[in-house]
Amino acid sequence: GNWSNTSGGASNGSIPGPADNAIFDGATGGTINTPTEILGLTLDAAFSDTLTVDSTLDLNGALFLAGGTLEQIDAADTITIADTWGNGGGSYIHNGVGVIQFSGPSPGIYGNNTFFDVTITGADTSNVFFTMEEATTQTIEGTFTAQGNIDDLYYIQFRSSTFAQPWFIDAL
């Protein structure tokens, strides 16, 4: 089903809120078509459909793709993640418009991924330590932006999930 401003679904369910983890673990996907802020999003290994993002999606925690497909369809629809993007078997389709923004103090990317636009924003009060899983490649087909807080000398430090092991960014 679709997420919207109107409650519905089984037992008059409603849109998950900022303290909720949304878990898709069955055969039915849907569309997030209203601005949504949740704690985390998981497409479980048992999930076999597509979850379409057609609005802004703010995750105060992590996103995990273990199955199914996450698809963005509009350039105005940014997925903001405060923690980790983990891909362990699901797929992500950006359609040449998807924006993924990392905004937390210690975000990371795990698994091999292909993104369109990736933005990493620095914190106002601390450095950002961005972790990439060792031996993985992040392909960026649009723009890659990493912006620390230059006024207060806070920076973004990239590091591997395993000390002294490489990770790769392939900017096309």
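A brief report on the enclosed structure follows. (Residues numbered from 1 in each chain as written. Predicted model: local features only at pLDDT ≥ 70, side-chain atom pairs only at ≥ 80, totals over all residues. Heavy atoms only, no water.)

**Some words on the pairing of strand β9 (residues 69–72)**
(1) Moving on: Because side chains alternate across β9, one face comprises the buried residues Thr69 and Glu71, and the other comprises Leu70 and Gln72, equally buried.
(2) Moving on: Sheet analysis places strand β6 (residues 50–53) next to β9, joined by four bridges and oriented parallel. The residue of β9 that forms the bridge with leucine 51 is leucine 70.
(3) Moving on: With three bridges connecting them, β9 and strand β12 (residues 91–93) associate as parallel partners. Considered in β12, the bridge of glutamate 71 is made with isoleucine 93. (Buried < 20%, exposed > 50% of the residue type's maximum accessible area, 1.4 Å probe, protein only. Helix = DSSP H or I, 4+ residues; strand = E, 2+ residues; numbered from the N terminus. Pairing = 2+ DSSP bridges.)

**Observations concerning the nonpolar core**
(1) Moving on: Ranked by internal contacts, the top residues of the largest apolar core, which has 30 residues, are Leu41, Leu63, Leu70, Ile79, Trp85 and Phe102.
(2) Moving on: Tallying contributions element by element places strand β17 (residues 128–132) first for this core, with three residues.
(3) Moving on: Beyond its immediate sequence surroundings of up to four residues, leucine 63 is in contact with Leu41, Leu70, Ile79, Ile81, Thr84, Trp85 and Gly86. (Core = buried A, V, L, I, M, F, W, Y, C linked by side-chain atoms within 4.5 Å. Contact = heavy atoms within 4.5 Å.)

**As for the sheet that holds strand β19 (residues 144–147)**
(1) Moving on: The parallel open sheet is built from six strands, whose spatial order is β4-β7-β10-β13-β16-β19. A single partner strand is all that each edge strand has here, and the edge strands are β4 (36–38) and β19. Across the sheet, the mean angle separating the axes of adjacent strands is 10 degrees when strand polarity is ignored.
(2) Moving on: In terms of strand pairing, strand β16 (residues 117–121) meets β19 through four bridges, oriented parallel. Along β19, the bridge assignment pairs threonine 121 with glutamine 147. (Axes fitted to C-alpha atoms, helices over the stretch in contact; angles between N-to-C directions.)

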